Amino acid sequence: MIAWGEVLPVGLALVLLAGTAVGVGHLGGLRQGRDVVVVVARAVVQIVLVGLVLGLVLRTPFLAPLYLALALGVASWTSARRLAFARVWPVTALAIGSGAVVSAVVVVGTGALQWHVLQVLPFTAQLIGGAMSATTLAGRRMLDDVDADWASVEGWLAIGATPAQAVAPLGRTAAARALAPALDQTRTVGLVTLPGAFVGLLLGGAGPLEAARVQLLVLVGLIAAETIAVVVVTTGLGRRLEFRPERS
């Protein structure tokens with residue numbers, strides 16, 4: 001059980017941090033005060049609920065696949081909604097799912113992480129989250145680039161290219177750009193920031209080398225998962241170009 005002596009300081013810190021964001025945003029004319037309050041409140045509720053659910057899952061390992069399936073479903077739906085593109089949910093689900101599964105299988109299959117719910121569940125969940133972000137970034141950028149450079153796409157279509165062929169260069173560019181955050185984070189790890197998994201393990205009492213081992217698996221696993229995700233989503237969107245609304 002968590003004592004109130006531990007909860008109260010955390011609650012105070014959250015209130016002060018959210019208040020700082022609201023105050024500075026107001027002074028800067030950002031007009032995002034309400035969004036900050038809603039997002040923080042929602043995060044608190046969600047984290048508490050997730051903590052309770054994870055506690056149940058860790059005590060009942062056979063529920064882990066259901067939890068990961070739910071996480072994948074929510075991630076796929078969230079990404080599809082951001083793309084606002086007809087019939088795209090299967091594409092985002094395939095992109096996120098394939099990226100996360102391949103990376104998790106490699107890490108567990110090599111024995112880098114033990115086949116134990118306490119290790120596999122949080123690791124795979126992180127892969128799903130990273131793949132979701134990359135999928136959304138790549139898909140959104142690709143669709144924006146197609147809109148911005150539609151004349152070029154029409155030119156390719158006019159000479160007989162398929163929709164997938166016409167937008168393939170834009171898809172490759174969007175995919176590469178979407179990977180930039182993961183590559184930058186890995187390139188500067190330990191030099192600019194200490195990533196979340198590393199800090200969390202240290203705070204939990206793990207040794208620095210153990211924390212470094214797990215963090216490296218997370219970072220490189222995310223690169224692999226996100227690379228698969230961005231390739232799948234941009235390829236899938238290219239094949240569905242014919243379903244986009246007519247342009248004037």
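Residues numbered from 1 in each chain as written. Predicted model: local features only at pLDDT ≥ 70, side-chain atom pairs only at ≥ 80, totals over all residues. Heavy atoms only, no water.

Some details on the overall build of the protein
Inference 1: Helix and strand counts for the protein come out as 9 helices and 0 strands.
Inference 2: Along the protein, helices and strands appear, N-terminal first, in the series α-α-α-α-α-α-α-α-α.
Inference 3: Burial status across the protein gives 34% buried among its 248 residues.
Inference 4: Accessible area for the protein stands at about 14900 Å²; split by element, carbon and sulfur atoms hold 70% of it. (Helix = DSSP H or I, 4+ residues; strand = E, 2+ residues; numbered from the N terminus. Buried < 20%, exposed > 50% of the residue type's maximum accessible area, 1.4 Å probe, protein only. Areas by Shrake-Rupley, 256 points an atom, 1.4 Å probe, with all protein chains shown as cover.)

So, the layout of surface pockets
Inference 1: Space inside the largest pocket adds up to approximately 950 Å³.
Inference 2: Grouping the amino acids of the lining of the largest pocket by side-chain chemistry returns 16 nonpolar, 3 polar and 3 charged. (1 Å grid on protein atoms, 1.4 Å probe; cavity = no way out; pocket = protein on both sides within 12 Å on 5 of 7 lines; lining within 4 Å. Points joined across faces, edges and corners; volume = space filled by probe spheres on them. Nonpolar A, V, L, I, M, F, W, Y, C, P; charged D, E, K, R; others polar.)

Some points on the pattern of salt bridges
A side chain with one charge can pair with a side chain of the opposite charge if their charged atoms come near.
Inference 1: One pass over the full model with this rule turns up 3 salt bridges.
Inference 2: The salt bridge partner of Asp145 is Arg177, with a shortest N-O separation of 3.8 Å. Taken as a pair, Asp145 in helix α5 (residues 117-148) and Arg177 in helix α7 (residues 163-187) lie far apart in primary sequence, 32 residues in all.
Inference 3: In this structure Arg177 comes out as partly exposed when scored by relative accessible area, which is 46%. (Salt bridge = Lys/Arg side-chain N within 4 Å of Asp/Glu carboxyl O.)

Considering the confidence of the model for the protein
Inference 1: Here the protein shows a mean pLDDT of 85. Residues at 70 or above account for 87%.
Inference 2: Segment residues 243-248: pLDDT under 50, and 8 contacts once partners within four positions in sequence are set aside and those in other chains are kept. (pLDDT = per-residue confidence, 0-100. Contact = heavy atoms within 4.5 Å.)

Considering helix α3 (residues 64-83)
Inference 1: Here α3 contains 20 residues, and its C-alpha end-to-end distance of 29 Å stays within 8% of the 28 Å for a straight helix at 1.5 Å per residue.
Inference 2: Burial in α3 covers these residues: Ala64, Tyr67, Leu68, Ala75, Ser76, Ser79, Ala80 and Leu83.
Inference 3: Buried residues in α3 make contact with α2 (33-59), α4 (89-109), α5 and α9 (208-239).
Inference 4: Positive backbone phi, at 50 degrees, marks Ala84, one or two positions downstream of α3. (Expected span 1.5 Å × (residues − 1).)

Describing the packing of α3 against α5
Inference 1: Two elements in contact, α3 and α5, have axes separated by 9 Å at closest approach and are oriented at 15 degrees. By the angle class used here, α3 and α5 are roughly parallel. α3 and α5 meet at a crossing whose hand is right-handed. Side by side, α3 and α5 meet where Ala64, Tyr67, Leu68, Ala71, Leu72, Ala75, Thr78, Ser79, Arg82 and Leu83 of the first sit next to Val117, Leu121, Thr124, Ala125, Ile128, Met132, Thr135, Thr136, Gly139, Arg140 and Leu143 of the second.
Inference 2: Taken together, the residues of the contact of α3 with α5 break down into 13 nonpolar, 6 polar and 2 charged. (Axes fitted to C-alpha atoms, helices over the stretch in contact; angles between N-to-C directions. Parallel < 35°, antiparallel > 145°, perpendicular 65-115°, else oblique. Left-handed = near helix turned anticlockwise from the far one by under 90°.)

Here we look at the side chain of Ser98
Inference 1: Structurally, the position occupied by Ser98 is in helix α4.
Inference 2: A distance of 2.6 Å separates a polar side-chain atom of Ser98 from the backbone oxygen of Leu94.
Inference 3: If we ignore the near neighbours within four places in the chain, the residues touching Ser98 are Ala93, Ile228 and Val232. (Polar contact = N/O pair within 3.5 Å; in protein donor to acceptor, adjacent residues only side chain to side chain.)

Topic: a nonpolar patch on the surface
Inference 1: Nonpolar side chains collect at one region of the surface, where Val10, Leu14, Leu17, Val44, Val45, Val48, Leu49 and Leu52 lie side by side and expose about 730 Å² of accessible area between them.
Inference 2: Put simply, the parts of the chain that give the nonpolar patch at least two residues each are α1 (4-27) and α2.
Inference 3: With 5 residues, α2 is the largest single contributor of residues to the nonpolar patch.
Inference 4: With respect to the helices and strands, Leu14 occurs in helix α1.
Inference 5: With relative accessibility at 38%, the residue Leu14 sits in the partly exposed group. (Patch = residues over 30% accessible without salt bridge, like charges linked within 9 Å, V, L, I, M, F, W, Y side chains within 5 Å.)

With respect to the environment of Met142
Inference 1: Along the chain, the position of Met142 falls in helix α5.
Inference 2: Not counting the four nearest positions on each side in its chain, Met142 is found in contact with Val167, Gly171, Ala174, Thr234, Leu237 and Gly238.

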